[in-house]
Amino acid sequence: METPEGLLARLAAAGIEIRHVAHQAVFTVAESESVRDGMPGAHSKNLFLAPAKGEGPYALAVLEAERKVSVNALARAAGWGKVSMAPAEALVGTLGVTPGSVTPFGLVNAPPGSVRVVLDAALAEAPDLAWFHPLVNTASVGLRPADLLRFLNGLGHDVAVLRLDP
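What you see is a predicted model; the values in this text were computed from it and never measured. (Residues numbered from 1 in each chain as written. Predicted model: local features only at pLDDT ≥ 70, side-chain atom pairs only at ≥ 80, totals over all residues. Heavy atoms only, no water.)

## Observations concerning the layout of surface pockets
Spelled out, the test is: Cavities and pockets were defined on a 1 Å grid built over protein atoms only: a cavity is a set of grid points that admits a 1.4 Å probe from which the probe cannot escape, a pocket is an open set flanked by protein on both sides within 12 Å along at least five of seven lines, and lining residues are those with an atom within 4 Å of any such point. Grid points are joined across faces, edges and corners, and a volume is the space filled by probe spheres set on the points. Runs of E in the DSSP output that reach at least two residues are strands. Runs of H or I that reach at least four are helices, and both are numbered from the N terminus. Under the convention adopted here, Pro, Cys and the residues Ala, Val, Leu, Ile, Met, Phe, Trp and Tyr are nonpolar, Asp, Glu, Lys and Arg are charged, and Gly plus all remaining residues are polar.
By volume, the largest pocket amounts to about 360 Å³. Lining the largest pocket are 20 residues; nearest its centre among them are Thr-28, Val-29, Ser-44, Lys-45 and His-133. Among the secondary structure elements, those contributing two or more residues to the lining of the largest pocket are helix H2 (29-32), strand S2 (42-51) and strand S6 (130-132). With 5 residues, the single largest contributor to the lining of the largest pocket is S2. Residue composition of the lining of the largest pocket, grouped by class: 9 nonpolar, 9 polar and 2 charged.

This is the structure:
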């Protein structure tokens, strides 16, 4: 499994300019509000989901932090069918992160095609930086959304941009 340092090195090797900010551990969007000073831009919440009947790949929804949407409405909009929150063991085994540290950067640890991925259009079209955990919840990395998409595509992951109702 990739380390946070290894991830930062991969981003640098890909020519992606980032801002890295260390902070106290945060486990929820509400907790993250206390560490956002000095991190202007769009912030995220990330949901790692399992197919309800256990058939098919896992799914990762990368949403704007304040987005309010039910898991089933999200799954319908993404065309996934019914889903539920994936168990912690699946999160660790697939993305190499623990609960509270879910991030699209975890896809460095997942084989291409093993996780369906959607990115909220509010993040994909953010005019400034978008912020995500670098595999741990004690730091945040800001980068341009186009660079995130380029990086994930370079890993072999298809990312669908999903426009959700406000």
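## A closer look at the pattern of salt bridges
What counts is decided by this rule: Throughout this description, the term salt bridge denotes a Lys or Arg side-chain nitrogen within 4 Å of a carboxyl oxygen of Asp or Glu. Burial here depends on accessible area, computed with a 1.4 Å probe over protein chains only, as a share of the maximum for the residue type. Under 20% is buried, over 50% is exposed, and the range in between is partly exposed.
All chains considered together, the criterion is met by 6 salt bridges. Note that Arg-36 is salt-bridged to Glu-66, the shortest N-O span being 3.7 Å. With a gap of 30 residues between them, Arg-36 in the loop between H2 and S2 and Glu-66 in the loop between strand S3 (58-64) and helix H3 (71-78) connect regions that are remote in the sequence. Taking relative accessible area as the criterion, Arg-36 reaches 19% and is therefore assigned buried.

## Re helix H4 (residues 88-95)
Quick note on the threshold: Directions are taken from the helix axis to each C-beta atom, and the arc is the one they span. By definition, residues are in contact when any of their heavy atoms lie within 4.5 Å.
Where H4 is concerned, the buried positions are Ala-90, Leu-91, Thr-94 and Leu-95. Projection of H4 onto a plane perpendicular to its axis shows the buried side chains occupying an angular sector of 100°, all on one side. Exposed residues lying more than 90 degrees from the buried face of H4 are Glu-89 and Gly-93. Contact partners of the buried residues in H4: S2, S3 and strand S5 (115-120). Immediately beyond the C-terminal end of H4, within one or two residues, lies Gly-96, with a positive phi of roughly 75°.

## Here we look at the nonpolar core
Short version of the rule: What is meant by a nonpolar core is a set of buried Ala, Val, Leu, Ile, Met, Phe, Trp, Tyr and Cys residues, joined one to another through side-chain atoms within 4.5 Å.
The biggest cluster of nonpolar side chains holds 34 residues, and the ones touching the most others in it are Leu-95 and Phe-105. By residue number, the principal contributor to this core is helix H6 (residues 145-154), which donates 4 residues. When sequence neighbours within four positions are dropped, the list of residues in contact with Leu-95 reads Phe-48, Leu-60, Ala-90, Thr-103, Gly-106, Leu-107, Asn-109, Ala-110 and Val-115. Trp-80, Val-118, Leu-162 and Leu-164 belong to the second largest nonpolar core, which has 12 residues in total.

Purely geometric numbers; function is a separate question.
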